[in-house]
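This is what each chain is made of:
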Amino acid sequence: MSAYSAESFDLVVVGAGMVGSAAARHAAEAGRKVALVGPGEPTQEAARVYGCHADEGRICRRLDVDPVWAVLAARSMDRYADVEARSGVRFHDACGCLAVGRAGGPYLEGVAATAKGRGLELEALDEAALKTRFPRLRLDATLLGDAGAGAGDAGADPFNDDASRPAYAGLYEPASTGAGTVSARRLVAAQHALFEKAGGVRVDGVAAACEDEAGGVVVKLEGGGCVRGARALVCANASTNFRPLLPRRLKIELTTQTVRRRALAPEVQAACPNLPAIIVRGGASAFGAPTAAFDSVYIVPPRDYGDGAPAYKVGHGSHFERSLADEAAFRAWYEERDVEERVDSFARCELLGVARRLFRPSFVSPAEPTDRCVIPKTPTHRPYVHKFSDALGCCAGCNGYAAKSSDELGRLAQEMMFSPGAPDFGPEIPADSFLPVFDEEG
């Protein structure tokens, strides 16, 4: 029998990652009796298996094409300093963020429109200004092979030929807004520290099922035991559908994500001391388009990933993603190296090409390791924050944007569980922003 089986909590949060930890912390600091169910910090190798939050470099920024995601990020970022100060854990590095794409294209136009609506001042940089501001970086169409109208010309090399390539531009969000990076691992550690300081109870285990019982919900644990509560909030994200945690399956597509880290040569690091986080989207689409050799990439400035030298990280957009059909495929992606190599060998090679093209001139790196994770994607491109009953709710399907916005997503989700009737997400977020789509609905 679990040590918690005879005890009842006001709220049991299932999932101790970024969103679940934030939800548990907010509820505990509001004076509620809260249990947080999830495995403890994994080893470094196991972190690559199950802990997508166990990472040192995630981009945070207020700029976005989607105004709802912009609000979630802004509300979360406004609390970073407080969470750091009270927990004693530093996880945020404000270094600025640069959005790059076709000049006058839908991506930059969408970012500019959202920023204007929110009163966020961004610095506009044309291609010449980008070269002046960041002389060592290749921030034009040749980075992604975006050849524009000449993409199909015989003999054209989209990575080198300038004749037909579209002009690129950028929108820069300064470090003064808090834009930059967060360490997802240390953000979770900060939330856990504050949660426990507020009297929250950690349950080191994996939830096997959530079941109704008189007066609430019982969360059964793998290996035996259970945790009881008046309410349960499932924040298992990619693992949500693997166990009977909810009464209906959510429509969530699990997609592979490969990243390439490239250690900086010391002379390059000295020459580029203040690099921002960078998002580059190619093609004539707000989210990047396969008409470019890449639809999009993101670049995290140099961080210490624990393997000896600061490295910058390059990740891809949807062009190289592969769907994972079930839990077996999910586990194989993380655990079986031959499966990973078959699925993402093209992505690893192409990302290395981007990583090497990024700097002018290129340089010999002492290390170029690969890492991998999984992104749970929804057809709405937004998370599901939903209450199935007064006793059971969820926050899942974060589309790869959870790190920067996790504090507000967790706050909203736990607040929903203690509010009668339909949830109220505040004046800037429409009430239907997070409605779920269920798997049987197609």
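As the structure is a prediction and not an experimental result, all values here were calculated from the model.

Chemist: Help me out: how do you make sense of the packing of aromatic side chains in this one?
Modeler: Aromatic rings considered in pairs are described by the distance between their centres and by the relative angle of their planes. Throughout the structure, instances matching the rule amount to eight aromatic pairs. Residues F242 and F330 carry aromatic rings whose centres are separated by 5.0 Å and whose planes lie at 65° to one another, so their mutual orientation is edge-to-face. Of this pair, F242 sits in the loop between β14 (232-234) and β15 (253-263) while F330 sits in helix α9 (residues 327-335), and the two are 88 residues apart along the sequence. The same class applies to F242 as to F330, namely buried. Consider the rings of F388 and F438, whose centres lie 6.0 Å apart with planes at 55°: the pair is tilted. Of this pair, F388 sits in strand β21 (residues 384-389) while F438 sits in the segment after α11 (402-417), placing them 50 residues apart in sequence. Taking the relative accessible area as the measure of exposure, F388 reaches 22% and is therefore partly exposed. According to the relative accessible area criterion, F438 is buried, its value standing at 7%.

Chemist: Help me understand the nonpolar core in this model?
Modeler: Nonpolar side chains in soluble globular proteins tend to end up buried together. One finds L72, L233, V385, L409, I429 and F434 to be the most contacted residues of the largest nonpolar core, which totals 45 residues. Within the residue set of this core, elements represented by two or more residues are β2 (11-14), α1 (18-29), β3 (34-37), α3 (67-77), α4 (80-87), α7 (184-197) and α11. Here the element with the most residues in this core is α11; it accounts for seven residues. Discounting residues that sit within four places of it in the chain, L409 has contacts with V19, W69, L72, P383, V385, C395 and C398.

Chemist: Sorry, what's going on with the sheet that holds β3 here?
Modeler: The strand order across the open sheet formed by six strands is β10-β3-β2-β14-β22-β21, and the pairing between neighbours is mixed. Pairing within the sheet leaves two strands with one partner each, and these edge strands are β10 (201-203) and β21. Pairs of neighbouring strands in the sheet enclose a mean axial angle of 20°, with direction left out of account. Relative to the sheet, α1 contacts β2, β3, β14 and β22 (392-396), its axis offset from that of β3 by approximately 170°.

Chemist: Explain the layout of surface pockets to me, please; I cannot follow it from the model alone.
Modeler: Which parts of space are left empty comes out when a probe the size of a water molecule is rolled across the atoms. Roughly 220 Å³ of volume is contained in the second largest pocket. Taken together, 17 residues make up the lining of the second largest pocket; nearest its centre are N241, R249, I252, L254 and A325. For the lining of the second largest pocket, the secondary-structure elements that each account for two or more residues are β15 and β19 (323-324). In terms of residue class, the lining of the second largest pocket is built from seven nonpolar, four polar and six charged.

Chemist: Is there a simple way to explain the packing of α1 against α7 in this structure?
Modeler: In helix packing, the relevant descriptors are the interaxial angle and the interaxial distance, both defined with respect to the helix axes. Contact pair α1 / α7: the axes reach a minimum separation of 8 Å and the direction vectors enclose 25°. By the angle class used here, α1 and α7 are roughly parallel. When the axes of α1 and α7 are compared, the crossing they make is left-handed. Note on element contacts: α7 touches α1 through A184, V188, Q191, H192, L194 and F195, opposite M18, S21, A22, A24, R25, A28 and E29. Of the residues contributing to the contact of α1 with α7, the split by class is eight nonpolar, three polar and two charged.

Chemist: Would you mind showing me how to read the environment of F242 here?
Modeler: Overall, F242 belongs to the buried group, its relative accessible area being 18%. Between the alpha carbons of F242 and E327 there is a distance of 6.3 Å; along the sequence they are 85 residues apart. Here F242 is in contact with L254, D326, E327 and F330, once residues within four sequence places are set aside.

Chemist: What's the story with the pattern of salt bridges in this structure? I'm lost.
Modeler: Side-chain pairs of opposite charge can arise whenever the charged atoms involved come near each other. One pass over the full model with this rule turns up 37 salt bridges. Salt-bridge contacts for R62 lead to D78; the nearest nitrogen and oxygen are separated by 2.9 Å. Of this pair, R62 sits in the loop between β4 (58-60) and α3 while D78 sits in the loop between α3 and α4, and the two are 16 residues apart along the sequence. Accessibility expressed as a relative area gives 18% for R62, which makes it buried. According to the relative accessible area criterion, D78 is exposed, its value standing at 55%. In this structure, E335 engages R331 in a salt bridge whose closest nitrogen and oxygen atoms are separated by 3.8 Å. Here E335 pairs with R331, and both are found in helix α9, just four residues apart, close to one helical turn. On the basis of relative accessibility, which here comes to 45%, the residue E335 falls in the partly exposed class. Here the salt bridges do not stand alone but share partners, grouping R25, E29, R75, R79, D82, R86, R118, D407, E408, R411, E415 and E428 into one network.

Reading the values: the criteria
Within any chain, residue numbers begin from 1 and follow the written order of that chain's sequence. Only residues with pLDDT of at least 70 are given local features in this predicted model, and only at 80 or more are side-chain atom pairs given and counted; all residues enter the totals for whole chains, interfaces and linings. Hydrogens are left out, water is left out, and the side-chain values use all remaining heavy atoms of the structure. A pair of Phe, Tyr and Trp rings is counted when the ring centres sit within 6.5 Å of each other, with Trp represented by its six-membered ring. The angle between the planes then sorts it: under 30 degrees is stacked, over 60 is edge-to-face, the rest tilted. The numbering of helices and of strands both runs from the N terminus, where a helix is a DSSP run of H or I of at least 4 residues and a strand a run of E of at least 2. A 1.4 Å probe rolled over the protein chains alone gives each residue an accessible area, and that area as a share of the maximum for its type sets the label: buried under 20%, exposed over 50%, partly exposed in between. Nonpolar cores are built from buried Ala, Val, Leu, Ile, Met, Phe, Trp, Tyr and Cys residues. Side-chain atoms within 4.5 Å join them into one set. Pairs of residues are marked as contacts when any of their non-hydrogen atoms sit within 4.5 Å. In this analysis, strands are considered paired if DSSP registers two or more bridges between them. To define axes, lines are fitted to C-alpha atoms, for helices over the stretch in contact only, and angles between the resulting N-to-C directions are given on a 0 to 180 degree scale. Within this scheme a cavity is a closed region of a 1 Å grid, computed over the protein atoms alone, that accommodates a 1.4 Å probe without allowing it to escape, whereas a pocket is open but has protein on both sides within 12 Å along at least five of seven lines; lining residues each have an atom within 4 Å of a point. Grid points are joined across faces, edges and corners, and a volume is the space filled by probe spheres set on the points. The classification used treats Ala, Val, Leu, Ile, Met, Phe, Trp, Tyr, Cys and Pro as nonpolar, Asp, Glu, Lys and Arg as charged, and all other residues, Gly among them, as polar. Roughly parallel refers to an angle under 35 degrees, roughly antiparallel to one over 145, roughly perpendicular to one between 65 and 115, and oblique to any angle outside these ranges. With the far helix as reference, a near helix turned anticlockwise by less than a right angle produces a left-handed crossing, and one turned clockwise produces a right-handed crossing. We count a salt bridge whenever a side-chain nitrogen from Lys or Arg sits within 4 Å of a carboxyl oxygen from Asp or Glu.

The analysis is restricted to geometry; functional conclusions fall outside its scope.
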